[in-house]
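# Structural characterization, general
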Amino acid sequence: MIRTKKILFFALLALLVSCGGQADDQSSADDVIVENRYGGVFRMSISSYFKVIQLNEIQKLEDSQIYLQIFEGLVKYNSKTLEIEPGLASDWEVSEDGLTYSFNLRDSVYFHDNICFENGKGRLLTAEDIVYSFEQFYNSKLTNSAYSVFKNTVVGGNEFHDGKADSITGISVDGQKVEVKLAEPSLAFIQKLASGYGCIVAKEAVEYADYQLVGTGPFVYDAKNSSSELIKLAKNIAYYGKDEEGNQLPYLDSVVFEYFEDADQEMDLFWDGHLTFLSSVPITKISEVLEERIGDFDSKPPKYILKSEPELTTVYLEMNMETPILKNKKVRQALNFAINRQKLVEKILKNQAYEIGKFGITPPLPKIFNDYDFEGIEDISYVYNPQRAKELLAEAGYPEGKNFPSLEMQFKAGSTDYLIASEIQSQLRSVLNINIDIEAIEFNELLENKAKGTADIFRTNWIGDYPSAEAFLSNAYGKVVPSSKNEPSYLNSSRYKNSKFDEMYEAGVRSKDPIEANRFFSEAEKILMDDGLFIILWYSEDMVLQHASIRNFETNSIGYIDLKSAYFKTPTAEEYAN
């Protein structure tokens, strides 16, 4: 049913396991008896301009990746296994009914030094900071994206958001212990706390005249030397974390995130050692990586590591349900059937995708979604069928595209994104004889446009914040849509409403058993696919590159990055002797 990655030299990738070359300004000391892991700068690129926002306003993966080096939550992911581990909470307990979580906070955790604190000195983390942070999850401001994630979760949270209560009744404090009561059981609650939305903030930083990026994490935001194109994080020398031998974390001196408009420049900087890690090899550079540079991966020791694994990412087109013609289900279905997804993947992506979009919005990863009815969803989803597309459009009242209005599609500015949009535009014109105007938009502006519904169709890359179908199906949950059309809708930006979908979705969210939850989510997915709201294009499997000298650095399907234990060490031939 689900096919694996189809790229040249894929079998080689199994041989390219951790280790490799030494990059510029990346320090190591291999000739000492006691290994010195300290020093060096980790550098990676980002795909759009950076701007300082509050945690509850995060919408981009790269913002979350940056912020999770600065901030921490009560719990965190293990970046290799994606299991939940202690964060600011040293441990926690869950009641038998799944409704009460009790977190015990670590002692001696301090916020970063910052002008928002008295005398500029970071203060001790307290249980009251947890309470305040939960209030930020439920803040009533229009730009609060976190509320869509935590809505209907904590007792009293919705009432606090709606201004009906001055506090969240489901949260109580006893010394260093914080108790959180849920309105209903939630398998995903602890995972949501591990996401960027679940991080803990200081009231002083949030309410300072200019919002301050101040957390308790292993790295400190260097505001003075950062910009929209260059984000610098310095080592937190007062970080509480230690390694297994009791050594101070983090090891790295600093972390740098940098924006480049030119993908070719990114690749050159990676080969030159300026960048430590590339989260996605540009389509135009695949042959260079797999053919011209193959010796650098196959050598013992290798200079670089190449990885490719299915991601928790779905690429799709979402239709604006406020556009009159798109309210017609047969029109939406016709558009779905008219697009040749296989051609998009083969012609433009050069097969750099896990699978074409024929299983719904939830990526078909059986290892993560056990007992999910992907086969049943595939039966009612869409593959290229131009004849059926024409029939449906005629049944909708637009035979051969006659009198069909032009629609506007917006997408993130970028060469590959433009090629995809152009191909979709061409296919719809060829099959249905309709016109789609396409427009490239800067990423931050695109996110705002989606929330405000300023176009008819939007290209979306959705990455799950946590490994649950809930993280994807929430994009169609009708009860998070604002009552006013003038308010932005950050999660369900299509403003789709279907009571049957909501019923199945909510049943899945309430389930205490993962198998039962996936059964309900699968049924919700079938309703969604039948409605044709989304045009699922493909599921991602990008090739990622890193210098082999970076150790204790793991990549995973959700793009979660944890750099507190990462360090540089030049690999040796002895490591590859066998």
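Residues numbered from 1 in each chain as written. Predicted model: local features only at pLDDT ≥ 70, side-chain atom pairs only at ≥ 80, totals over all residues. Heavy atoms only, no water.

Next up on the list: the overall build of the protein. The number of helices and strands found in the protein is 19 helices and 21 strands. Against the 2.2 N^0.38 benchmark of 25 Å for 578 residues, the protein shows a C-alpha radius of gyration of 24 Å, consistent with a compact globule. In terms of overall dimensions, the protein has C-alpha extents of about 75 × 65 × 45 Å along its principal axes. Counting over 578 residues, the protein shows a buried share of 58%. In the protein, the share of contacts with a sequence separation of at least 24, taken over all contacts with a separation of at least 6, comes to 72%. Working note: accessible area of the protein is about 23,900 Å², and carbon and sulfur atoms make up 47% of it. (Helix = DSSP H or I, 4+ residues; strand = E, 2+ residues; numbered from the N terminus. Rg over C-alpha atoms; globule rule 2.2 N^0.38 Å. Buried < 20%, exposed > 50% of the residue type's maximum accessible area, 1.4 Å probe, protein only. Contact = heavy atoms within 4.5 Å. Areas by Shrake-Rupley, 256 points an atom, 1.4 Å probe, with all protein chains shown as cover.)

Attention now moves to the pattern of salt bridges. For the coordinates displayed, the defined rule picks out 26 salt bridges. The partner of Glu-322 in a salt bridge is Lys-485, and the shortest N-O contact between them spans 3.3 Å. Remark: Lys-485 occurs in the loop between helix H17 (470–473) and helix H18 (499–510) and Glu-322 occurs in the loop between strand E13 (313–319) and helix H11 (329–338); sequence separation between them is 163 residues. (Salt bridge = Lys/Arg side-chain N within 4 Å of Asp/Glu carboxyl O.)

This brings us to the nonpolar core. Soluble globular proteins: nonpolar side chains tend toward being buried together. One finds Phe-134, Leu-193, Leu-473 and Leu-528 to be the most contacted residues of the largest nonpolar core, which totals 117 residues. Here this core takes six residues from helix H3 (residues 127–137), the largest share from any one element. In contact with Leu-528, other than residues within four places in its own chain, are Ile-361, Leu-473, Ala-476, Tyr-496, Phe-501, Leu-533 and Phe-534. One finds Ala-396, Phe-411, Val-431 and Leu-537 within the second-largest nonpolar core, a separate group that totals 55 residues. (Core = buried A, V, L, I, M, F, W, Y, C linked by side-chain atoms within 4.5 Å.)

Scanning the entire structure with this criterion turns up zero disulfides. Free cysteine Cys-116: the closest other cysteine sulfur is in Cys-199, separated by 16 Å. Looking at Cys-116, the relative accessible area reads 11%, which means it is buried. Residue classification places Cys-199 among the buried positions, given a relative accessible area of 2%. (Disulfide = S-S within 2.5 Å.)

It is the contact of helix H12 (residues 341–348) with helix H15 (residues 415–432), at a shortest axis distance of 11 Å, that shows an interaxial angle of 145°. Here H12 and H15 pass one another in a crossing that is right-handed. On H15, the residues that touch Lys-343, Leu-344, Lys-347 and Ile-348 of H12 are Thr-416, Leu-419, Ile-420, Glu-423, Ile-424 and Gln-427. (Axes fitted to C-alpha atoms, helices over the stretch in contact; angles between N-to-C directions. Left-handed = near helix turned anticlockwise from the far one by under 90°.)

Before going further, it helps to spend a moment on the sheet that holds strand E15 (residues 407–412). In any sheet, the strands associate via hydrogen bonds between backbone groups, in a parallel or an antiparallel arrangement. Read across the open sheet, the six strands follow the order E14-E18-E13-E17-E15-E16; overall the sheet is mixed. Since the sheet does not close on itself, it has two edges, and those belong to strand E14 (355–356) and strand E16 (436–441), each with one partner. Bridge analysis of E15 against E16 gives six bridges, and the strand direction is parallel. Paired with Lys-412 across the two strands is Ile-441, which belongs to E16. Its contacts with the sheet put H11 on E13 and strand E18 (534–539), and the angle it makes with E18 is roughly 25°. (Pairing = 2+ DSSP bridges.)

What follows is about the pairing of E13. Within E13, seven of the seven residues are buried, which leaves the element mostly enclosed by the surrounding structure. Summarising the sheet, E13 and strand E17 (residues 457–463) pair through seven bridges and their orientation is antiparallel. Within the sheet, the bridge partner assigned to Met-319 lies in E17 and is Ile-457. Judged from the five bridges that link them, E13 and E18 form a sheet pairing that is antiparallel. Bridge pairing in E18 places Val-315 opposite Trp-538.

Attention now goes to H15. Here H15 contains 18 residues, and its C-alpha end-to-end distance of 26 Å stays within 8% of the 26 Å for a straight helix at 1.5 Å per residue. Residues of H15 that are buried: Asp-417, Ile-420, Ala-421, Ser-422, Glu-423, Ile-424, Gln-425, Gln-427, Leu-428, Val-431 and Leu-432. Two residues or fewer after H15 comes Asn-433, characterised by a positive phi angle close to 60°. (Expected span 1.5 Å × (residues − 1).)

A complete count under the given rule lists 33 aromatic pairs for this structure. Between Tyr-316 and Phe-534, the aromatic rings sit 4.8 Å apart at their centres with planes inclined by 55°, giving tilted as the arrangement. Of the two residues, Tyr-316 is situated in strand E13 and Phe-534 in strand E18; the sequence distance between them amounts to 218 residues. Accessibility expressed as a relative area gives 0% for Tyr-316, which makes it buried. An aromatic cluster is built from Phe-359, Phe-369, Tyr-372, Phe-374 and Tyr-539, whose rings are joined through pairwise contacts. Between Lys-412 and the ring centre of Phe-443, over which it is positioned, the NZ or CZ distance is 5.1 Å. We note Arg-519 situated over the ring of Phe-520; from NZ or CZ to the ring centre the distance is 5.6 Å. (Phe/Tyr/Trp six-rings, centres within 6.5 Å; stacked < 30°, edge-to-face > 60°. Lys NZ or Arg CZ within 6 Å of the ring centre and 35° of its normal.)

With antiparallel pairing, four strands are arranged side by side in an open sheet as E4-E5-E7-E6. The open sheet has two edge strands, strand E4 (89–94) and strand E6 (171–174), and neither has a second partner. Pairwise comparison of adjacent strand axes, ignoring direction, gives a mean angle of 20° for this sheet. The strands touched by H3 within the sheet are strand E5 (100–105), E6 and strand E7 (177–181), with E6 carrying the most contacts at an inclination of about 170°.

What follows concerns a negative patch on the surface. A cluster of acidic residues, Glu-229, Glu-261, Asp-262, Asp-268 and Asp-272, forms a negative patch on the protein surface. Along the polypeptide, Asp-268 turns up in helix H8 (residues 263–271). Judged by its relative accessible area of 41%, Asp-268 falls in the partly exposed class. (Patch = residues over 30% accessible without salt bridge, like charges linked within 9 Å, V, L, I, M, F, W, Y side chains within 5 Å. Lys, Arg positive; Asp, Glu negative; His and termini not counted. Charge placed at Lys NZ, Arg CZ, Asp CG, Glu CD.)

Each neighbour pair has its own omega, and for Leu-249 with Pro-250 the value is -5°, a cis peptide bond. The backbone phi angle of Asn-119 is positive, close to 60°, even though this residue is not glycine. Among the structural elements, Asn-119 can be located in the loop between E5 and H3.

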